[in-house]
Each structure stands twice: as C-alpha cells, then as structure tokens.
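A look at the structure
Single-letter residue listing:
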Amino acid sequence: MITITAILNAIEAHAENAAVQELRVIKKEIERLRPSLCLDDQEHADGLLLKLDRLISEQIVVADDVTRERIFQSAMQAA
C-alpha cells in the first residue's frame with residue numbers, strides 16, 4: 001500500500017521540474033487535502049506547500065528578469 005508520505009515525496013520530486021501553472025494546481029490540491037491528513041502528514045504537506053511557494057516565486061522572478069531584459073534590449077535598439 002502506498003503511504004501519504006510516499007505520495008507527498010513523489011509530488012515533491014515532480015515539482016522540481018514543473019511549470020508555474022502546474023505548481024499552482026498541485027498547491028491547491030494539497031491545500032484541499034491537508035485537513036484530512038494526520039498531524040505528521042499535515043506537517044509534511046506544510047513543508048511541501050512552502051517549497052511549492054518557493055519554486056513558484058523562483059520561476060516568476062526568472063520570468064520577470066527575462067521580460068526586463070527584453071524591454072531593455074528593445075529600448076536600446078530603438079535608441
């Protein structure tokens with residue numbers, strides 16, 4: 001039988017390479033399921049939610065940096 005811990009570990013491993021949209025879906029599902037978990041699994045889920053937030057933030061920052069760079073390059077070319 002697969003345990004909740006194993007499922008959360010698999011989600012965590014998958015999240016490392018997931019896009020922001022997928023990370024947001026995963027986060028919502030974990031938030032929805034969290035109240036039904038035992039205390040240890042809730043703590044594991046809380047840690048995973050923090051990690052998902054960090055992964056989302058990192059991807060957004062990178063995307064913002066790329067956008068800024070493109071705007072800067074366009075402005076330099078127009079000058």
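Residues numbered from 1 in each chain as written. Predicted model: local features only at pLDDT ≥ 70, side-chain atom pairs only at ≥ 80, totals over all residues. Heavy atoms only, no water.

With that out of the way, let us pick up a nonpolar patch on the surface. Judged by side-chain polarity, I2, I4 and I7 come together as a nonpolar surface patch covering roughly 270 Å² of accessible area. Here I7 lies in helix α1 (residues 4–15). (Patch = residues over 30% accessible without salt bridge, like charges linked within 9 Å, V, L, I, M, F, W, Y side chains within 5 Å. Areas by Shrake-Rupley, 256 points an atom, 1.4 Å probe, with all protein chains shown as cover. Salt bridge = Lys/Arg side-chain N within 4 Å of Asp/Glu carboxyl O. Helix = DSSP H or I, 4+ residues; strand = E, 2+ residues; numbered from the N terminus.)

Let us now look at the side chain of Q42. Summarising the element assignment, Q42 is placed in helix α3 (residues 39–78). Setting aside anything within four residues of it in sequence, one finds Q42 in contact with R34, P35 and L37. (Contact = heavy atoms within 4.5 Å.)

Here we take up the nonpolar core. Core analysis: the largest hydrophobic core is formed by 14 residues, its most contacted members being A15, L23, I30, A45, L48 and L52. Of all the elements in the fold, those that place two or more residues in this core are α1, α2 (20–33) and α3. With six residues, α3 is the largest single contributor of residues to this core. Residues within four places of I30 in sequence aside, it is in contact with I11, A45, L48, L49 and L52. (Core = buried A, V, L, I, M, F, W, Y, C linked by side-chain atoms within 4.5 Å. Buried < 20%, exposed > 50% of the residue type's maximum accessible area, 1.4 Å probe, protein only.)

In short, shape yes, function no, at least from these values alone.
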